[in-house]
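# Commentary on secondary and tertiary structure
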Amino acid sequence: MKKILVTLMILLSTACSPIATNQTFNLSINSPDNHSTVVLVQQNNGETSYHVTRDEKTVVDASQLGFTFKNMPPLDKFDIVKTQQKFTKTEWTSPWGQNKHHQDEHNELLVELKEKDGDRLVNLRLRVFNDGIGFRYEFPLQNNITDVVIMDEKTTFVLPEDNDTWWIEADYDSYEKPYQHTPLSQVKHANTPLTMVAKNGLHISLHEAALTDYASMTLVSTGPNSLKAKLVPWQDGSKVKATLPLNTPWRTIQISPDAAGLANSDLILNLNEPNKLADTSWVKPMTYMGVWWEIHLGVGTWTTGERHAATTERAMKYIDFAADNNVGGVLFEGWNKGWGEWGKREAYVVPADDFDLQKVADYARQKGVNIIGHNETEGRIEAYESHVEEIFNIYSDLGINTVKTGYVAEKGFINGEHHQGQYGVRHYRKIVELAAQHKIMINAHEPIKDTGIRRTWPNMMTREGARGGEWNAWSEGNSAEYLLILPFTRLLGGPMDYTPGIFDIDYSHFAGKRYNWHGEPQTGDYRVHTTLARQLADMVILYSPLQMASDVVENYEGHPAFQFIRDLNVDFDSSFVVEAKIAEYITVVREADDVWFIASATNNTARTLNLALDFLPENSDFIAQIYRDADDAHFQTNPEAYQIETRVVTRKDTLTMALAAGGGQAIRIIKK
Ligand code: NOJ
Ligand code: CA
């Protein structure tokens, strides 16, 4: 067992002892590899702060802890009652994901605190891993207090200097703001994950894990390089309404010497509760496609009429293509009545007149294709909750095992509550739990932010929760650089349904056939801002267990590059980022059943990356199927120029990958 260092400047003979009150203390605990240290410091007046170092350099300077409540004094000055420490090294497996095997190795310090000059109790549980730290507050059952209303959490993150920072503006309802790259001092109010690079090169990301029946944490500037938790409110201004006992989510600080290490961190999942589903045989990652992109392009519509996309006929065509091309699922948006008549039962339950749900479901089953049902709620939570069991029952009867939910309501739910508040947290969880009872997998759009609950509820497959591919259809869209910020920010929380895989980069196949949301010809000069090979690479880099090949079926028919998608697995045994620089480039290697999927990507600068194949087993020859940018490819001027090459390789080889501006490379390696 690695050494745990717990130093007490006051009397503390064993690791589990009562401690005299009214004394300053200084407790420290190290990561198992002894690189990171967290020190708890208490002033004479009882104010308690934490301080994080790595290799003796400050990562987070002395930062405050505590709460304010409704109808109760603040709780931010403490005496220590007792401490306990423990070292844990366990292994656990997940039924699907980027990695099946996980190692949870950490030192834990549990500090039982009592209000100074009072009776209220709160515990601070701190875990220090090699890849960062997590801590949470635990309010135990205690005399005279059954309920609390938290008005503010005082948790602060004081950084020692003006770190280079990637962040999105805090919004209690939309997680689709553009990423900003600024000095930390320019962050006013941000969503998490917020990711920084310190002057000494250390990569640090602030987020939370296991957000359960609590409000999401945003970060607000409270002084130079100081960020404080700001919890998303209920309409009445309170933040969290709870009956004790209450555990807060974990406040997380992922720490890595480099960008690759940040992306490879398992900290968020390690801080979530184990799987609650006894049977996960029905939870199955898959690729999928659907009528979705034609609607966003404005070729089709959600509503019935001449351009209605989800017709029975079109559904059959997609099912045929999926069945013939090893695509697992097909999503039908606009399958239902009620678009534009929100709140009625029709909007959640009743198929449109030109969409024969029974026939489509029967056909899909016969062809071995999964249907992904679609429930757009428009933020009408009460209406959705009152119909969701009915729709899940209908879907279960039809054999539909996956549902994409949607919560388009940029200014908040229709009842005035926020997506990211405790109300929203409860709603999204309720849907995941109900879906589990019906053996339904969930893909949520406009979701609650991802804090790793897929470990506990493995049917919570993927979610949007950042600017997705749809923005390319009707706005200035997403840059190649933005796509290289996601793996080090949003994706640290978990999988994203970004919806990559567009082959018709400038939509030329649909010229003159596109309309905007007012039914007028689409005149915006919109397009995808990467090369085609990069679209394939993003299907590997932007991990989603439900990974959409998003383009319209006609753009895939007969296209040689579709072979990569046909072969693509989205349920990996292991994955790792080989090298990366935030917003500039990345190389990812994923493996399942002795087949490797590798992808590299660059921003708008063309570059060449090398990849040593030393992760391949010894004494075998392999075939590398390489989908790369053509020599003259460029995301703006020649985006669809690509080449497919096949090479015999061994673990002694190094691949040289030439990436075009805005480009990428996708590779599949199989045994020869
Ligand atoms: C926004 C979602 O992100 C998108 O995928 C969906 O098509 C529309 N809402 C309609 O539900
Ligand atoms: Ca969206």
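Analysis parameters
Residues numbered from 1 in each chain as written. Chains lettered and ligands numbered in written order. Predicted model: local features only at pLDDT ≥ 70, side-chain atom pairs only at ≥ 80, totals over all residues. Heavy atoms only, no water. Donors = N, O, S within 2.8 Å, 3.2 Å for Na, K, Ca; no water. Tetrahedral: all angles 85-135°; square planar, octahedral: opposite > 155°, others 65-115°. Helix = DSSP H or I, 4+ residues; strand = E, 2+ residues; numbered from the N terminus. Buried < 20%, exposed > 50% of the residue type's maximum accessible area, 1.4 Å probe, protein only. Pairing = 2+ DSSP bridges. Near = heavy atom within 4 Å. Polar contact = N/O pair within 3.5 Å; in protein donor to acceptor, adjacent residues only side chain to side chain. Nonpolar A, V, L, I, M, F, W, Y, C, P; charged D, E, K, R; others polar. Domains from an automatic or database assignment. Contact = heavy atoms within 4.5 Å. Buried area = accessible area lost by both parts, 1.4 Å probe. Salt bridge = Lys/Arg side-chain N within 4 Å of Asp/Glu carboxyl O. Axes fitted to C-alpha atoms, helices over the stretch in contact; angles between N-to-C directions. Phe/Tyr/Trp six-rings, centres within 6.5 Å; stacked < 30°, edge-to-face > 60°. Lys NZ or Arg CZ within 6 Å of the ring centre and 35° of its normal. Core = buried A, V, L, I, M, F, W, Y, C linked by side-chain atoms within 4.5 Å. 1 Å grid on protein atoms, 1.4 Å probe; cavity = no way out; pocket = protein on both sides within 12 Å on 5 of 7 lines; lining within 4 Å. Points joined across faces, edges and corners; volume = space filled by probe spheres on them.

Taken together, Glu176 (OE), Glu446 (OE), Glu464 (OE), Glu464 (OE) and Glu470 (OE) make up the protein donors of the calcium ion (ligand 2), found 2.2 to 2.6 Å from the metal. Taken together, the six donor atoms coordinating the calcium ion (ligand 2) and their angles of 52 to 154° define a geometry best described as irregular. Taken in chain order, the donor set of the calcium ion (ligand 2) reads E-x269-E-x17-E-x5-E. You can see Glu176 sitting in the loop between β13 (164-167) and β14 (180-183) and its partner Glu470 sitting in the loop between β28 (460-463) and α9 (471-474), a full 294 residues away along the chain. Per residue, the accessibility class of Glu176 equals that of Glu470, and both read buried.

This part is about the pairing of strand β25 (residues 370-376). In terms of burial, β25 is largely enclosed, as six of its seven residues are buried. The sheet contact formed by strand β24 (residues 329-331) and β25 spans three bridges and is parallel. Its bridge partner lying in β25, Val330 is registered against Ile371. Here β25 runs beside strand β26 (residues 402-406); their pairing, made up of five bridges, is parallel.

Surrounding ligand 1, one finds 13 residues, the nearest of these being Glu333, Glu376, Lys404, His445 and Glu470. For ligand 1, an oxygen atom lies 2.8 Å from a polar atom in the side chain of Trp292. One of the side-chain nitrogen or oxygen atoms of His374 is found 3.4 Å away from an oxygen atom of ligand 1. Among the secondary structure elements, those contributing two or more residues to the shell around ligand 1 are α3 (292-297) and β25. Residue composition of the shell around ligand 1, by class: four nonpolar, three polar and six charged.

Let us look at the domain arrangement of the chain. Here the domain parsing of the chain yields domain 1 (7-270), domain 2 (286-571) and domain 3 (590-671). Taken over C-alpha atoms, the centre of domain 1 sits 34 Å from the centre of domain 2. Residue-level contacts link 44 residues of domain 1 with 48 residues of domain 2. Taking both sides of the interface into account, the surface hidden between domain 1 and domain 2 amounts to around 3,900 Å²; carbon and sulfur atoms contribute 56%. Taken as a group, Trp96, Asp173 and Glu176 account for 22% of the area that domain 1 buries against domain 2, more than any other trio of residues on that side. Linking domain 1 with domain 2 are three salt bridges. The residue Arg426 makes a salt bridge to Asp213 at a minimum N-O spacing of 2.6 Å. Summed over the shared surface of domain 1 and domain 2, the result is 30 residue pairs in polar contact (both at pLDDT 80 or more). Residue assignment for the side of domain 1 that touches domain 2 shows that the elements contributing at least two residues are β17 (203-209), β20 (240-243), α1 (259-264) and α2 (267-270). The element best represented in the side of domain 1 that touches domain 2 is β17, accounting for four residues. Of the residues in the side of domain 1 that touches domain 2, the class split is 24 nonpolar, 11 polar and nine charged.

Our next topic: the sheet that holds strand β32 (residues 595-602). Reading across the sheet, the six strands line up as β30-β31-β32-β37-β34-β35 and stay open at both edges, with antiparallel pairing between neighbours. Across the chains shown, the open sheet's two edge strands, defined by having one partner strand only, are β30 (574-581) and β35 (642-649). When strand polarity is set aside, the average angle formed by the axes of neighbouring strands in this sheet is 15°. As judged from the six bridges shared by β32 and strand β37 (residues 664-671), these two strands associate in the antiparallel manner. Bridge pairing in β37 links Trp596 to Ile669. Strands β31 (585-592), β32, β34 (622-629), β35 and β37 of the sheet are contacted by helix α11 (residues 532-541), whose axis makes an angle of about 120° with β32.

Right, let's get into the pairing of strand β16 (residues 194-197). Where burial is concerned, the two faces of β16 agree: the one with Leu194 and Met196 and the one with Thr195 and Val197 are both buried. Pairing of β16 with β17 involves four bridges; the strand directions are antiparallel. Note on β17: the bridge partner recorded for Leu194 is Leu206. Remark: five residues form the turn of the hairpin made by β16 and β17, two consecutive strands paired antiparallel; Gly201 in that turn has positive phi of roughly 90°.

Turning next to unusual backbone geometry. The amide bond that connects Thr192 to the next residue, Pro193, takes the cis arrangement and shows omega of 0°. For the bond running from Leu244 to Pro245, omega is 5°, close enough to zero to count as cis. The residue Pro245 is located in the loop between β20 and β21 (246-247) in this model. Phi at Asn225 is positive, roughly 55°, even though this residue is not glycine. Its place among the elements puts Asn225 in the loop between β18 (217-223) and β19 (226-231).

Here we come to the packing of aromatic side chains. One pass over the full model with this rule turns up 29 aromatic pairs. What links up through ring pairs into an aromatic cluster is the set Tyr50, Phe67, Phe69, Phe135, Tyr137 and Phe139. Note that Lys241 overlies the ring of Trp234, its terminal NZ or CZ placed 4.4 Å from the centroid. Seen from the ring of Trp471, Arg467 lies directly overhead, with NZ or CZ sitting 3.7 Å from the centre.

Proteins that are soluble and globular tend to have nonpolar side chains buried together. Formed by 187 residues in total, the largest nonpolar core has its most connected members in Tyr50, Ile253, Phe332, Phe392 and Leu486. Other than its neighbours up to four places away in sequence, Phe332 contacts Val291, Ala310, Ala315, Ile319, Phe355, Val360, Ile371, Ile372 and His374.

Applying the stated criterion across every chain yields a total of five cavities of 30 Å³ or more. By volume, the largest cavity is sized at about 100 Å³. Around the largest cavity sit Leu211, Val425, Tyr428, Arg429, Val432, Ile448, Lys449, Thr451, Ile453, Met460 and Arg463, which together line it. Elements represented by at least two residues in the lining of the largest cavity include exactly α8 (422-437) and β28. It is α8 that provides the largest number of residues to the lining of the largest cavity, a total of four residues. Residues belonging to the lining of the largest cavity are distributed by class as follows: seven nonpolar, one polar and three charged. Counted as a void, the second largest cavity has a volume near 60 Å³. Considering the residues around the second largest cavity, the lining is formed by Thr405, Tyr407, Tyr428, Ile431, Val432, Ile442, Ala444, Ile448, Met460 and Arg463. Counting residues per element, the ones that place at least two in the lining of the second largest cavity are α8, β27 (441-444) and β28. Partitioned by chemical class, the residues of the lining of the second largest cavity number eight nonpolar, one polar and one charged.

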